[in-house]
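The residues making up each chain are set out below.
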Amino acid sequence: MADRPQPLGVMAWAGMGALAVVLALTLSPVIAIAALGRDGFDLRPTDWAAIRFTLVQALLSTVLSLAMAVPLARAVARRTFWGRRLFVALMGAPFILPVIVAVFGLISAFGHNGLIAQILRPFGMGMPEIYGLHGVVLAHMFFNLPLAARLILQAWQDVPQERVRLAQSLGLGRAAFFRHIEWQILRNTLPPAFVIIFLLCCSSFAVALILGGGPRATTIELAIYQAFRFEFDLGRAASLAAIQALLCLFLGGIALRWTHPRNPLGTGLDRPLALPRGGRVAAAFDGLVIILAGLFLILPLTRIVWLGLPHLMDLPNQVWEAALRSLVMALCSTALCVCLSLFIALALIRLKSAPYLEAICLLALVISPLALGTGWFLMLRPITNPISWALPVTVLVNALMALPFVLRALLPALREADASQARLAMALGLKGWQRVRHAYLPRVIRPLGFGAGLAAALSMGDLGVIALFAAPDHGTLPLEMMRLMGAYRMQEAQGAATVLLGLSLSVYWIFDRGGHIYA
Amino acid sequence: MLELRNIVYRTTSFTLRANLSIGRGEKVAVMGQSGAGKSTVLGLVGGFIAPDEGQIIFAGRDLTQTDPAARPCAILFQDSNLFPHLNLRENLRLAVSSTQKRNAQTDDQIALALDKVGLAGLEDRHPASLSGGQQSRAGIARVLLQDRPVLLMDEPFAALDPARKREMGALIAALCEELGLTLLLATHDFNDAERICDRVILLEGGELMTDCPIKGLRKTAPDALKPWL
Amino acid sequence: MKHTIIAAGMSLAAGAALADVPVLHVYTYDSFMADWGPGPQVERAFEETCGCDLQFIGAGDGAALLARLQLEGTRSAADIVLGLDTNLMHSARETGLFVPHGITPSNLTLPIDWQDPEFLPFDWGYFAFVHHTDLANPPRSFEDLAASDLRILIQDPRSSTPGLGLVYWIEAAYGAEAARIWDGLSDNIVTVTPGWSEAYGLFLEGEADMVLSYSTSPAYHLIAEEDDSKTAAAFAEGHYMQIEIAGITAASDQPALAKAFLEFMLSPAFQSAIPTGNWMYPAALPSSTLPAGFDGLIVPETVLHFSAEEAADRRDAAIETWQTALSR
């Protein structure tokens, strides 16, 4: 597309600068960790237990999520039912939910004393333990089952309708239909989905923090946190952070090789497909799958809101202060993330080596937040009291964590805009910011709005680095909620959860809507 | 012998109403803009969608509730006529038996069909390694093997260049003649229709506007058809 | 005498901070500073006389409290750390982040002698498993508990003083056999929480049959809630004693005020807030002053306790035993 050197000068340099900043921010902590561990890493048998638990829970969570996502995606693909659009939207929601709210919801719905247990009790039945492996896997399924289902549904959408009709016309039976249509979808979708979900489960922290804990249910991320906050063993924290970073880089490398630039959060998934529907048994099965999945997703959240709403008015001031702090931090982090990704994307579309740079950029960002936080901590500590830097570091890390998502949403649209508008812009003599403003922005504002919404929601609900650094009395809303849960002020925790949920969904919605200004 | 009796099919954008009778061996072009209901007519006949009202009759048999596979129809699309993960032989075996049973007789039939469409010896190739024209021919070979009296074609030539279009048109026309097929061809190109068909139907917003023989149409076309010529 | 010291501290502190009211930062655990804990009463009483602003900062339980101080090092805002115990005392001293308090306490009522240059005790108690009185066949020993299918909640010894206390309790009672006891207990444990509050909250919410707490915890329900449905199980092996301590940080910019606070900590104004605020035995009040409700509590026949040095020596190995047994 670029016939001759493009006079984008300033913007391209700004982009290269942004890329350099991102690389510096992500790689310097790695160096700090490596420097501390240069005398060899010190691992105890229990750290191996943490590594084992991390892999076991991730494997279980991933396999179960995928196993249930397959029938769910099929049911949604081939049925039309009232509320189908809403259901498909709901399947996208867990991604932007604050983890702590979802986990709290899961406890109050499926816990030993939760809603289901209360319903079952008169019949002499109970719910199994939610703490430990069960709970961690259940929570990971809550987040990843819908993600996997959306990935598979996306692949269903990509099957040409003609191919399905051909199969019908040829009279392919159930087994042959599975082999020639469905298996082809799954064969291409499941491996990358497996790697992505496995990676997400390996680096999830908040779930393990709340539902795990004891030596039996400690993930590497949690062990990093414990080495810091319980034992103040920087050497072990660094060793664990190095292992976590290596594991994530390895998985991320595979994921990058395997994944197509397909966005499971994309739109158009609510279009019903004309697929063979099978008989009554199939219909009943699909109905059951949809209802169960719907309940699984809806129950925890409605339960939290139901319990939390009555307490909104008498929440302590700390909660509102934390909410304000979180909101401001989310906005800062979003602004930073959007600027960085816009500049980087502008540079990437200009460069021949873009695919490699993009890969490096994404790989660096795969390093877990706690590993990054550990590195940052080690760098800050000789200079200042790191606790007093908790909020800025959190803003920074959150912006970095959202960057891959925003980049992935932005790049295809920007490439398209460049392909269609660059010549016109050149002919009109538009340069630098003017060109971005007139030629690109109107065409990428939608993915940018969507990306900003994601970044804001993710930052709003983040409970990662902040837990490592922050003083509880200057915490964010998720941290304050965690504190209230810890102090067993459940009603206030439920109220705070409702506020957090409302804020996360609102910031997402507002930014995403904002992307439609040219529409 | 193929009859659409008082058919009503409602979609969000239009309602298709059709009363149509097509004789054995008749070759009918279904024309209209996209969204006029061309594909819907083919879908109804092929059994991929069910009408809200009315019946579809073939040779005195009511097919309205019959499965696509049990209908006397073979279908040819613009593309996706082949499964990309199977080679030509495996694809064509499916046309003979959905269980893809291996037997020498089937393989002979496949070789014969491929020869007939000019793809002799390409059994082991995968669709991705064939040109667009070759893929269309392979689709025709599949139709041959399916051996159904009715052929439904949904814009089969839309992606081909004019020379290929002519070539394919001739091939289809010869085939229909040889096997006595009844043909429903959905197209928006009158040249395609003229090359193969002997009758034309024009749809607009789901309503049947014109139904007339194609011969001599260029001279005495009804007003509704004029813009299409 | 005490008042002169406080007054001296006040004037010194006031002089240092000029017109501003000096601020004394006390790092403590959440339940101490909670609305229903002793924190608010202590704060009110101290501020009446000190001419300062006493701020409690919740920094986690026991070891987490110490780790927080280590994280911040010499740049910490903390003047006082309140809520470590004798089990952590040696490690705390080793950090070099505490300075001698220079106080010779005269009115201590602890069951043991106290001589420590850096730390002073403010309360003490016995660890015990608390359960509902309607629990059938409450266990009489760790062996009983391990053999039962009772669901128990404990705290993480790496972050919480009760959690660490339990590890020493079993270590003191069983020595080399501790690993066997932990093996037996591991299938009874519902979850391991980072702090006492989480575990006790989960217990009250009905998530388990028993929770590791203190022999004095039932007094809270009895006195504050007029609820006699909770009790502590008396174990034949005896109970491990905890002594909670406080110390002045080397990072403090208000050393005189900090010293005044430690003096105040051993005075009746602070100590009287302990029994019905922290629900522990006060370290400097005679037992005759305890409110009714404390007399019905279990009192162990055998008291188990390690000295600070002994505890420090055994700590790594004991936690390793715990972790190994529980990670299976």
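Heads up: these notes are all about the structure in this document. (Residues numbered from 1 in each chain as written. Chains lettered and ligands numbered in written order. Predicted model: local features only at pLDDT ≥ 70, side-chain atom pairs only at ≥ 80, totals over all residues.)

1. As for the interface of chain B and chain A
With 17 residues of chain B at the contact, the number on the chain A side is 15 residues. Contributions of two or more residues to the side of chain B that touches chain A are made by β6 (73-76) and α2 (88-96) of chain B. Top contributing element to the side of chain B that touches chain A by residue count: β6 of chain B, with three residues. Across the side of chain B that touches chain A, the residue classes break down as 11 nonpolar, six polar and no charged. (Contact = placed C-beta atoms within 7 Å. Helix = DSSP H or I, 4+ residues; strand = E, 2+ residues; numbered from the N terminus. Nonpolar A, V, L, I, M, F, W, Y, C, P; charged D, E, K, R; others polar.)

2. Notes on the nonpolar core
Of all hydrophobic cores here, the largest spans 355 residues; its most connected members are Val-103 and Val-406 of chain A together with Val-211 of chain C. Per element, the largest residue contribution to this core is 19 residues, and it comes from helix α16 (residues 390-427) of chain A. Contacts of Val-406 of chain A, omitting those with residues within four sequence positions, involve Cys-337, Val-338, Ser-341, Gly-451, Leu-454 and Ala-455 of chain A. (Core = buried A, V, L, I, M, F, W, Y, C linked by C-beta atoms within 7 Å. Buried ≥ 20, exposed ≤ 12 C-beta atoms within 10 Å, placed from the backbone.)

3. Brief notes about the pairing of strand β10 (residues 207-213) of chain B
As defined by bridge partners, strand β9 (residues 199-204) of chain B adjoins β10 of chain B across six bridges and the pair is classed as antiparallel. By the bridge assignment, Glu-204 of chain B is partnered in β10 of chain B with Glu-207 of chain B. (Pairing = 2+ DSSP bridges.)

4. A closer look at the interface of chain A and chain C
Contact residues are listed per partner, giving 27 residues for chain A and 34 residues for chain C. Counting only elements with at least two residues in the side of chain A that touches chain C, the list comes to α2 (45-78) and α10 (220-229) of chain A. No other element matches the three residues that α2 of chain A contributes to the side of chain A that touches chain C. Its residues assigned to classes, the side of chain A that touches chain C comprises 12 nonpolar, 10 polar and five charged.

5. Structural notes on the packing of helix α13 (residues 317-348) of chain A against α16 of chain A
All names here are of chain A. Running from N to C, α13 and α16 point in directions that differ by 40°, and their axes come no closer than 7 Å. Judged on the interaxial angle alone, α16 and α13 are oblique. α13 and α16 meet at a crossing whose hand is right-handed. Together, Met-329, Cys-332, Ser-333, Leu-336, Cys-337, Val-338, Leu-340, Ser-341, Ile-344, Ala-345 and Leu-348 of α13 and Leu-391, Thr-394, Val-395, Asn-398, Ala-399, Ala-402, Leu-403, Val-406, Leu-407, Leu-410, Leu-411 and Leu-414 of α16 make up the contact between the two elements. Residues belonging to the contact of α13 with α16 are distributed by class as follows: 19 nonpolar, four polar and no charged. (Axes fitted to C-alpha atoms, helices over the stretch in contact; angles between N-to-C directions. Parallel < 35°, antiparallel > 145°, perpendicular 65-115°, else oblique. Left-handed = near helix turned anticlockwise from the far one by under 90°.)

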